[in-house]
Amino acid sequence: MALFRDTADVSVRPAVPGDEDAVTRVQVSAWRATHEVALGDGVVDALDTATMRERWARAITAPPGPGFAVLVALDGPEIVGFAAVGPGQLVALEVEPGHQRGGHGSRLLSAAVDRLRTDGAEQMVTWVLDDDAARERFLSSAGLGPDGTSRTLATGVRDVVERRWSAAI
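As a starting point, this report considers the structure included with it. (Residues numbered from 1 in each chain as written. Predicted model: local features only at pLDDT ≥ 70, side-chain atom pairs only at ≥ 80, totals over all residues. Heavy atoms only, no water.)

1. Structural notes on the overall build of the chain
Line of reasoning, step 1. Of regular secondary structure, the chain possesses 4 helices and 7 strands.
Line of reasoning, step 2. What you see in the chain, going N to C, is helices and strands ordered as β-α-α-β-β-β-α-β-α-β-β.
Line of reasoning, step 3. Going through the 169 residues of the chain one by one, you find that 38% of them count as buried.
Line of reasoning, step 4. For the chain, contacts bridging at least 24 residues in sequence account for 62% of all contacts bridging at least 6. (Helix = DSSP H or I, 4+ residues; strand = E, 2+ residues; numbered from the N terminus. Buried < 20%, exposed > 50% of the residue type's maximum accessible area, 1.4 Å probe, protein only. Contact = heavy atoms within 4.5 Å.)

2. Focus: unusual backbone geometry
Line of reasoning, step 1. Here Arg 101, not a glycine, exhibits a phi torsion of approximately 65°, which is positive.
Line of reasoning, step 2. Topologically, Arg 101 is positioned in the loop between β4 (89–95) and α3 (104–118).
Line of reasoning, step 3. A positive phi angle, near 70°, is found at Asp 131, a position not held by glycine.
Line of reasoning, step 4. Given the relative accessible area of 77%, Asp 131 is considered exposed.

3. Here's the deal with the environment of Arg 53
Line of reasoning, step 1. Following the sequence through the fold, Arg 53 ends up in helix α2 (residues 49–61).
Line of reasoning, step 2. Distance from Arg 53 to Val 23, taken between C-alpha atoms, is 7.9 Å for residues 30 residues apart in sequence.

4. Side note on the pairing of strand β6 (residues 145–154)
Line of reasoning, step 1. Sheet analysis places β6 next to strand β7 (residues 159–168), joined by 7 bridges and oriented antiparallel. Residue pairing for β7: Ser 150 is matched across the bridge by Arg 163. (Pairing = 2+ DSSP bridges.)

5. Some points on the packing of aromatic side chains
Line of reasoning, step 1. According to the stated counting rule, one finds 1 aromatic pair in the structure shown.
Line of reasoning, step 2. Centre to centre, the rings of Trp 56 and Phe 82 are 5.0 Å apart; their planes meet at 70°, and the pair counts as edge-to-face. Highlighted residues: Trp 56 in helix α2 and Phe 82 in strand β3 (residues 78–86), separated in sequence by 26 residues.
Line of reasoning, step 3. On the accessibility criterion, Trp 56 (13% relative accessible area) is buried.
Line of reasoning, step 4. In this structure Phe 82 comes out as buried when scored by relative accessible area, which is 0%.
Line of reasoning, step 5. Positioned above the aromatic ring of Trp 127, the side-chain terminus of Arg 151 is 3.9 Å from the ring centre. (Phe/Tyr/Trp six-rings, centres within 6.5 Å; stacked < 30°, edge-to-face > 60°. Lys NZ or Arg CZ within 6 Å of the ring centre and 35° of its normal.)

6. Things to note about the side chain of Gln 27
Line of reasoning, step 1. You can see Gln 27 is positioned in helix α1 (residues 20–39).
Line of reasoning, step 2. We classify Gln 27 as buried; its relative accessible area is 9%.
Line of reasoning, step 3. Setting aside residues up to four positions removed in sequence, Gln 27 forms contacts with Met 52, Trp 56 and Phe 82.

7. Thoughts on α2
Line of reasoning, step 1. Over its 13 residues, α2 extends 18 Å from the first C-alpha to the last, a length consistent with the 18 Å expected when each residue adds 1.5 Å.
Line of reasoning, step 2. All of the buried residues along α2 are Met 52, Trp 56, Ala 57 and Ile 60. Mapping the buried residues of α2 onto a view down its axis gives an arc of 140°, with all of them on the same face. (Expected span 1.5 Å × (residues − 1). Arc of directions from axis to C-beta.)

8. Thoughts on the pattern of salt bridges
Line of reasoning, step 1. Evaluation of the coordinates by the stated rule reveals 9 salt bridges.
Line of reasoning, step 2. Of the charged contacts in the structure, one is a salt bridge between Asp 132 and Arg 135, with a shortest N-O distance of 3.0 Å.
Line of reasoning, step 3. Linking Asp 147 and Arg 164 is a salt bridge whose minimum nitrogen-to-oxygen distance equals 2.7 Å. With Asp 147 in strand β6 and Arg 164 in strand β7, the pair connects residues that are 17 residues apart, well separated along the chain.
Line of reasoning, step 4. With relative accessibility at 27%, the residue Arg 164 sits in the partly exposed group.
Line of reasoning, step 5. Connected through shared salt-bridge partners, Glu 94, Asp 132 and Arg 135 make up one network. (Salt bridge = Lys/Arg side-chain N within 4 Å of Asp/Glu carboxyl O.)

None of this, on its own, says anything about what the molecule does.
In C-alpha cells, the structure reads:
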C-alpha cells in the first residue's frame, strides 16, 4: 500500500449539476438518523424527495442570489456530506451517518466559513433543532454558540423549536 496517493481521499468542492441526487440522499439519511424522533413519526418518510432533488438542482445551478452556494464533501469519489450557505448564514450542513466523525463536517464548515468571508460576511448564523446534542457539541467546538433567538416550526405532526447559533467569522 502506497503512503501517498495522486488524489485526495477526502475533499470539499462546490456542488455541480448532477450532485443533487447525492445531496438529497445525504439529507434524508442524516435527517432519519438525527431528527426522526424530534420531527415526529412518519415525517421523514413523507418527505417529497423528488421535490427536494429539484430544489437542490436549482440551488446548485441557479442560486437565488449572490452569497448562495452548495458545497459537497467527498470521500474518494463519493459525496458523503454537503453544506449550503446564504448571505451570512449556514443554511444546512449534513453528513451521511456512516461517515460522521471523519472530519467531513469540519471540512464543510471551514469551507462554508471561507465562502461567507469571501462574500463579505463578518458573522455567521445557523439554526439547531432542540435536542440535537451532537450538532450542538460540533458547533460549540467550532466556536459558535446560541444567541438567545428561537423559532417554532410546524412539521405536520408536531411543532419543533430551533435555536439560532452564531459566531463572528
